[in-house]
Amino acid sequence: MLHHGDLSFEDGNVALLAANTAFFVHRGVLSRHSPVLAEAMATLDPAIEVSGCPLLTLDENPDDLAHFLYALYDGVTRLRYDPSDFDIVLATLHLATKYQAQKIREDVLRGMTPSWPKTLTQWEIREAAATNPNGLYKPRLFYPHPIMIINLARETNIPELLPSAFYDLCRCAPSDIASGYTCPRTSTLHLLSPTDLMNILKGKEHASRYLSTFVVNELEGRQPSAACIYTEEKDPVRRRACQAAFEAITFEILRDVNGVVCHRSSDPLFAIVDAELMQTREDASSTTGVSLRACEQCRAEFAAVVDAVREEFWNKLPFWFGLDVPNWPA
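Residues numbered from 1 in each chain as written. Predicted model: local features only at pLDDT ≥ 70, side-chain atom pairs only at ≥ 80, totals over all residues. Heavy atoms only, no water.

**Side note on the overall build of the protein**
And step 1. The secondary structure content of the protein amounts to 15 helices and 7 strands.
And step 2. Against the globule reference of 20 Å for 330 residues, the protein gives a C-alpha radius of gyration of 26 Å, more extended than a compact globule.
And step 3. Overall, the protein is about 100 × 35 × 35 Å in size when its C-alpha atoms are taken along their principal axes.
And step 4. For the protein, the exposed surface amounts to about 16200 Å²; the carbon and sulfur share of it is 54%.
And step 5. Averaging the locations of the 30 positively and 43 negatively charged side chains of the protein gives two centres separated by 6 Å. (Helix = DSSP H or I, 4+ residues; strand = E, 2+ residues; numbered from the N terminus. Rg over C-alpha atoms; globule rule 2.2 N^0.38 Å. Areas by Shrake-Rupley, 256 points an atom, 1.4 Å probe, with all protein chains shown as cover. Lys, Arg positive; Asp, Glu negative; His and termini not counted. Charge placed at Lys NZ, Arg CZ, Asp CG, Glu CD.)

**A look at the sheet that holds strand β2 (residues 14-18)**
And step 1. Taking strand neighbours across the sheet as the criterion, the 5 strands line up as β1-β3-β2-β5-β4 in an open arrangement whose pairing is mixed. Looking along the sheet, the strands with just one partner apiece sit at the ends: β1 (2-3) and β4 (49-50).
And step 2. Direction of pairing for β1 relative to strand β3 (residues 21-25): parallel, over a ladder of 2 bridges. Residue pairing across strands places leucine 2 opposite threonine 21, the latter belonging to β3.
And step 3. The strands touched by helix α3 (residues 62-74) are β2, β3 and β5 (53-58); relative to β3, the strand with the most contacts, the crossing angle is about 15°. (Pairing = 2+ DSSP bridges. Contact = heavy atoms within 4.5 Å. Axes fitted to C-alpha atoms, helices over the stretch in contact; angles between N-to-C directions.)

**Comments concerning the packing of aromatic side chains**
And step 1. Summed over the entire model, instances satisfying the criterion amount to 14 aromatic pairs.
And step 2. On the basis of an interplanar angle of 45° and a centroid distance of 5.4 Å, the ring pair of phenylalanine 166 and phenylalanine 321 is categorised as tilted. Taken together, the positions of phenylalanine 166 in helix α8 (residues 162-170) and phenylalanine 321 in the segment after α15 (296-320) put the pair 155 residues apart, joining distant regions of the chain.
And step 3. Ring pairing ties together the aromatic residues Trp123, Tyr167, Tyr210, Phe313, Trp314, Trp320 and Trp328, which thus form one cluster.
And step 4. Here arginine 126 stacks its cationic end above the ring of tryptophan 116, 4.6 Å away from the centre of that ring.
And step 5. It is arginine 126 that lies over the ring of tyrosine 143; its NZ or CZ is 4.1 Å from the centre. (Phe/Tyr/Trp six-rings, centres within 6.5 Å; stacked < 30°, edge-to-face > 60°. Lys NZ or Arg CZ within 6 Å of the ring centre and 35° of its normal.)

**Side note on unusual backbone geometry**
And step 1. The residue after tryptophan 328, namely proline 329, is reached through a cis peptide bond having omega -10°.
And step 2. With respect to the helices and strands, the residue proline 329 is situated in the segment after α15.
And step 3. The phi angle at asparagine 157 is positive, at roughly 55°, despite the residue not being glycine.
And step 4. Its location among the elements puts asparagine 157 in the loop between α7 (146-156) and α8.
And step 5. Under the relative-accessibility criterion, asparagine 157 is labelled exposed at 58%.
And step 6. Its identity is not glycine, yet serine 187 carries a phi of approximately 60°, on the positive side.
And step 7. Mapped onto the secondary structure, serine 187 falls in the loop between β6 (181-182) and β7 (189-190).
And step 8. The exposure class of serine 187 is exposed, given its relative accessible area of 58%. (Buried < 20%, exposed > 50% of the residue type's maximum accessible area, 1.4 Å probe, protein only.)

**Focus on the nonpolar core**
One broad trend across soluble globular proteins is that nonpolar side chains are buried collectively.
And step 1. Counting residues in hydrophobic clusters, the biggest one holds 94 residues, and the most contacted among them are Met112 and Phe214.
And step 2. In terms of residues, this core owes the most to one element, α15, which gives 9 residues.
And step 3. Discounting chain neighbours no more than four positions away, the residues touching methionine 112 are Tyr81, Phe86, Val89, Leu93, Ile149, Leu152 and Leu161.
And step 4. Leu17, Ala22, Phe24 and Val50 belong to the second-largest nonpolar core, a separate cluster that totals 7 residues. (Core = buried A, V, L, I, M, F, W, Y, C linked by side-chain atoms within 4.5 Å.)

**So, the packing of α8 against α15**
Geometry of a packed helix pair, given as the angle between the helix axes and the separation of the axes.
And step 1. Here α8 crosses α15 at 100°, and the two axes come no closer than 9 Å. Judged on the interaxial angle alone, α15 and α8 are roughly perpendicular. Contacts between α8 and α15 pair Pro163, Ser164 and Tyr167 from the former with Phe313, Trp314, Leu317 and Pro318 from the latter.
And step 2. Grouping the constituent residues of the contact of α8 with α15 by class yields 6 nonpolar, 1 polar and no charged. (Parallel < 35°, antiparallel > 145°, perpendicular 65-115°, else oblique. Nonpolar A, V, L, I, M, F, W, Y, C, P; charged D, E, K, R; others polar.)

**Re α8**
And step 1. Within α8, 9 of the 9 residues are buried, which leaves it mostly tucked inside the rest of the structure.
And step 2. Three or more residues of α8 are buried, namely Leu162, Pro163, Ser164, Ala165, Phe166, Tyr167, Asp168, Leu169 and Cys170.
And step 3. On its buried side, α8 packs onto α6 (120-129), α7, α9 (174-179), α10 (194-219), α14 (268-277) and α15.

**A short note on the pattern of salt bridges**
Two side chains of opposite charge can pair, provided their charged atoms sit close to one another.
And step 1. Considering all chains together, one arrives at 18 salt bridges under this definition.
And step 2. Taking the shortest distance from any N to any O, the salt bridge between arginine 238 and glutamate 233 comes out at 3.4 Å.
And step 3. Judged by its relative accessible area of 26%, glutamate 233 falls in the partly exposed class.
And step 4. Here glutamate 296 and arginine 299 are joined by a salt bridge, their closest N and O atoms 2.5 Å apart. Of this pair, glutamate 296 and arginine 299 both sit in helix α15, 3 residues apart, which is roughly one turn of the helix.
And step 5. Bridged by salt links that share partners, the residues Arg126, Glu127, Arg140, Asp168, Arg171 and Asp267 form one connected network. (Salt bridge = Lys/Arg side-chain N within 4 Å of Asp/Glu carboxyl O.)

Here it is in structure tokens:
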């Protein structure tokens, strides 16, 4: 039997045994955090002991149990929620759920929320953090794979993580979604359940259809604002400058230039806001050669539409993906 070097205290008064590793820890600390462990320790046979401490045998991986015990003693401030540390986060949350360590569970969930948020504003902050100064979007460098998040949320009953994880995943190709994700560190293949796979493919269709509807309703043949500065121009070309700008933006979205340039080839939420962002650029459409900039009044009116449409899009995520998420959005 091995003694865990860091988690075997000289004044420990209970021994936890996981596989061949013993942890000499404190009953009071465990009881304070976990009613499940408190109940288990209350029924220990004092005749079964190790180094003078009553023995509680747990069916856990020793490394996972160590991560959980570190959280009990030191809190979770040391945890990082990026791919490099996600195995630790996963183990800690699993055991916090299993042993009903509610404070640890809440603290871990609080740390995960910025990466898998409930509000559109938080999602935009998350997306900006995963975009480098050249505009390239690399979420897998910053966030764990969404299949792992979906499965974890299912196993630990944390539905509020699901909509953003489903949306993140739905931007992948259907073949990539169905084939799953193999963790490069552990070589473990993570797959969605058949139900979640079906729901995410349905949600992907809903999101794509919503983008198409936005293009048809808000861009194709868009009329200028009543306050458009070009409406009184005598030159017919100048008079329809803003209409031409919106037509050029329509062509750019349909060509999916943003997907090619920014690595966001299937991201309706980004495509909608990019229809607005295009109007801040000085260059002309690569398809039509027409300026993408409408006048300030037309841009402001369109920006209000974009904000409303994206908020509605975000609110619909649980419905599209067949999720039951109370109080969505936050």
